[in-house]
Structure formats: C-alpha cells, structure tokens
Amino acid sequence: PPFSFGLLALSLRQHLAVVFAVMSLYAGLLAMEYFQNPMAFNARYQIFLFVLFGILLVWFAFFGGFVSNLRRSLRAQKAAGARANDELSDALRKVKTLHGLLPICASCKKIRDGQGGWHPIESYLRDRSDAEFSHGICPDCAKTLFPGAGTPSRQQGD
C-alpha cells in the first residue's frame, strides 16, 4: 500500500480505481476458495476481513490522492517561485547603477560625461540613477559662508 498509494502520483479517482480492482480480485479469490471447500470457509470471518481490507484500501486511496494533490500544489508553487525569481533578477538588472571613475571638477564639482560635457553633480546623478536632491548648507559651510550668523537651526528631515 505505501508504494501504490504514497509513491505513485495518481489522482484520487485513479487510486479508487486501483482499490476497486484489488477488491474485485480479492472477492474473486474468496469465491474461488468458497467453491473449492465450502465447509472449511468461514463466511463471517472472510466478510469481516473483506470489509476491513476495503476500508483500509479506501483510506489509502484518499491519503494517496491527498499526497498527489499536495505534490502538484508544491510543484506549482515551485514554478511560481522560479518565475518570481526570474522577474526579480530581470528587475535587478534594470536598476540604474553608477560605476567606474567619475571625472569631477575639484573646484565647482561638475562631472564630465563621456562626450566631454560638464554637468552639475545633481543633474548628472539624477539622470543616471533614481536619486532626487534637495539642498541645504552643512554647519561647516555655514560658518565659512556666513561667519557672524551663528549656527543654522536644524530643519526637519536633516
């Protein structure tokens, strides 16, 4: 039973067909035994065994159908996971990244592109990534640019 109902990938209907075939063969065997020696045949005991065996095989059939459905479901989930993984890999390949050396002006901090043009660092990075910029002044620059003004108050989000 474990082989036929646990390892085979049959549907519930196919498992029940196997049960029907086995029970038919068993009934035929019991009939043959009865006709060979009716006096030695204990009908009540044999019917009890037949019913018990039938109940056991039907249980195995339902269990085998459950295992088969579970396997199909797991295969489908595995395939869906593989598709999601492929989609994620494609998305990661499309993510904009900066790499290599960036020629930057030591004075104004503009960056030279591949065609020799100079661009403000903000526009260069915005065009080549998903970054957005906002401007402010750090405390060190505020002291240099506005020596008598004191320390600027911290703004929300800094």
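Look up a bit, the structure's there.
On a predicted model such as this, the values are computed, not experimentally measured, just so you know. (Residues numbered from 1 in each chain as written. Predicted model: local features only at pLDDT ≥ 70, side-chain atom pairs only at ≥ 80, totals over all residues. Heavy atoms only, no water.)

Enquirer: Can you help me understand the overall build of the protein in this one?
Expert: The helix and strand inventory of the protein stands at five helices and two strands. Starting at the N terminus and walking to the C terminus, you meet the elements of the protein as α-α-α-β-β-α-α. Sequence-distant contacts, at least 24 apart, represent 48% of the contacts inside the protein between residues at least 6 apart. When the accessible area of the protein is evaluated, it comes to approximately 12700 Å², of which 64% is carbon and sulfur surface. (Helix = DSSP H or I, 4+ residues; strand = E, 2+ residues; numbered from the N terminus. Contact = heavy atoms within 4.5 Å. Areas by Shrake-Rupley, 256 points an atom, 1.4 Å probe, with all protein chains shown as cover.)

Enquirer: I would appreciate a short explanation of the packing of aromatic side chains in the present structure.
Expert: Tallied over the full model, the rule gives six aromatic pairs. Aromatic pair Y26 and F53: ring centres 5.5 Å apart, planes at 80 degrees, arrangement edge-to-face. Placement of Y26 in helix α2 (residues 12-36) and of F53 in helix α3 (residues 43-94) is noted, with a sequence separation of 27 residues between them. Their ring planes at 5 degrees and their centres at 5.4 Å tell us that W59 and F63 sit as a pair that is stacked. Of this pair, W59 and F63 both sit in helix α3, four residues apart, which is roughly one turn of that helix. Given the relative accessible area of 49%, W59 is considered partly exposed. Joined through ring pairs, the aromatic side chains of Y26, F50 and F53 make up one cluster. (Phe/Tyr/Trp six-rings, centres within 6.5 Å; stacked < 30°, edge-to-face > 60°. Buried < 20%, exposed > 50% of the residue type's maximum accessible area, 1.4 Å probe, protein only.)

Enquirer: How should I be thinking about the side chain of D113 in this particular structure?
Expert: The topology assignment puts D113 in the loop between β1 (111-112) and β2 (118-119). The buried category is assigned to D113, whose relative accessible area is 13%. Looking at D113, its side chain comes within polar contact range of the main-chain nitrogen of Q115, at 3.0 Å. One polar contact links the side chain of D113 to the main-chain amide nitrogen of G116, over a distance of 3.0 Å. Beyond its immediate sequence surroundings of up to four residues, D113 is in contact with H119, Y124 and R128. (Polar contact = N/O pair within 3.5 Å; in protein donor to acceptor, adjacent residues only side chain to side chain.)

Enquirer: Looking at this structure, I do not really get unusual backbone geometry. What am I missing?
Expert: The phi angle of most residues is negative, glycine excepted, and most peptide bonds adopt the trans form. Although it is not a glycine, K109 adopts a positive phi angle of roughly 70 degrees. Topologically, K109 is positioned in the loop between α3 and β1.

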